[in-house]
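# Structural overview
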Amino acid sequence: DTTVKQNPRYKLARVGKPVNLICSQTMNHDTMYWYQKKPNQAPKLLLFYYDKILNREADTFEKFQSSRPNNSFCSLYIGSAGLEYSAMYLCASSPRGPNERLFFGHGTKLSVL
Amino acid sequence: TQTVSQSDAHVTVFEGDSVELRCNYSYGGSIYLSWYIQHHGHGLQFLLKYYSGNPVVQGVNGFEAEFSKSDSSFHLRKASVHWSDSAVYFCAVSWNSNNRIFFGDGTQLVVKP
């Protein structure tokens with residue numbers, strides 16, 4: 001099974017409320033990524049886990065949290081959603097090594113109202 | 001600043017035509033390049049990658065890409081497109097093997113019958 005699963009497929013959130021997005025993979029990949037994708041823009045790297053080590057991008061450091069309780073599972077947490085968080089959130093995983101391909105999930109479309 | 005540039009937001013061709021989708025990047029250190037395809041309603045899927053060796057790399061479905069250090073480019077090509085090649089194509093770059101993978105804005109390819 002070479003799939004990355006994301007739940008839910010669609011998420012509606014209120015401004016100021018927390019949001020938790022979930023991603024799982026059963027390929028035993030070491031690295032898991034979260035990207036934010038807005039229409040007609042590049043997927044924007046938010047953070048990634050290499051094994052148990054979390055790496056967050058400097059410009060999104062304060063806005064997103066993540067946890068990886070085991071190798072298969074990774075979540076993305078927004079403490080207080082704002083309108084600007086409305087986007088598609090893409091999870092990807094990659095096997096060991098810095099030059100391996102990414103396997104993407106279908107994404108979670110987050111709408112903040 | 002490390003950048004990935006896809007200069008064409010939209011490309012329209014006819015079935016059987018050849019196509020080249022352009023990708024340029026800011027040069028710096030060792031570099032890992034790849035292309036991904038996203039069909040409407042689906043997740044991003046890997047097409048091909050380059051890290052070292054032969055600068056022309058072959059991918060799935062007849063796609064190939066050529067690395068040029070002098071031009072800082074990694075253009076994607078296909079000799080004869082099919083209507084099913086209609087999709088958004090993303091160029092991705094990682095510098096210095098640090099697991100951080102950055103994407104271009106994407107090129108929407110439309111193949112007319």
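A brief structural summary. The structure presented is a predicted model; accordingly, all values stated were derived computationally and were not measured.

## What about the overall build of chain A?
Helix and strand counts for chain A stand at 0 helices and 11 strands. Each helix (α) and strand (β) of chain A, taken in turn from the N terminus, gives the series β-β-β-β-β-β-β-β-β-β-β. Looking at chain A as a whole, 47% of its 113 residues qualify as buried. Long-range pairs, those at least 24 residues apart, make up 57% of the contacts in chain A with a sequence separation of at least 6. Total accessible area computed for chain A in this model is approximately 5600 Å², and 52% of it derives from carbon and sulfur atoms.

## Description of the state of the cysteines
Summed over all chains, the structure comprises 2 disulfides over all chains. The disulfide bridge from Cys23 of chain A ends at Cys91 of chain A, spanning 1.9 Å between sulfur atoms. Between Cys23 of chain A and Cys91 of chain A the disulfide shows an S-S torsion of about -75°. By sign, it is left-handed. Of this pair, Cys23 of chain A sits in strand β3 (residues 19–25) while Cys91 of chain A sits in strand β9 (residues 87–94), and the two are 68 residues apart along the sequence. Residue Cys23 of chain B pairs covalently with Cys91 of chain B via a disulfide, S to S 1.9 Å. Measuring the twist about the S-S bond at about -65°, one finds the Cys23 of chain B-Cys91 of chain B disulfide to be left-handed. Residue Cys23 of chain B is found in the loop between β3 (19–21) and β4 (24–25), and its partner Cys91 of chain B is found in strand β10 (residues 87–95); the two are separated by 68 residues along the sequence. Here Cys23 of chain B and Cys91 of chain B have matching classes, each one buried. Free of any disulfide, Cys74 of chain A has its nearest cysteine sulfur in Cys91 of chain A, 5.9 Å distant.

## Description of the environment of Glu15 of chain B
Residue and element names in this part refer to chain B. One can find Glu15 in the loop between β2 (10–14) and β3. On the basis of relative accessibility, which here comes to 33%, the residue Glu15 falls in the partly exposed class. On a C-alpha basis, the gap between Glu15 and Ser34 in space is 24 Å, while along the polypeptide they are 19 residues apart. Contact partners of Glu15, with chain neighbours within four places excluded, come to Val81, His82, Trp83, Val111, Lys112 and Pro113. Here the side chain of Glu15 touches Trp83 through a polar contact of 3.0 Å, landing on its backbone nitrogen.

So, how was this worked out
Residues numbered from 1 in each chain as written. Chains lettered and ligands numbered in written order. Predicted model: local features only at pLDDT ≥ 70, side-chain atom pairs only at ≥ 80, totals over all residues. Heavy atoms only, no water. Helix = DSSP H or I, 4+ residues; strand = E, 2+ residues; numbered from the N terminus. Buried < 20%, exposed > 50% of the residue type's maximum accessible area, 1.4 Å probe, protein only. Contact = heavy atoms within 4.5 Å. Areas by Shrake-Rupley, 256 points an atom, 1.4 Å probe, with all protein chains shown as cover. Disulfide = S-S within 2.5 Å. Polar contact = N/O pair within 3.5 Å; in protein donor to acceptor, adjacent residues only side chain to side chain.

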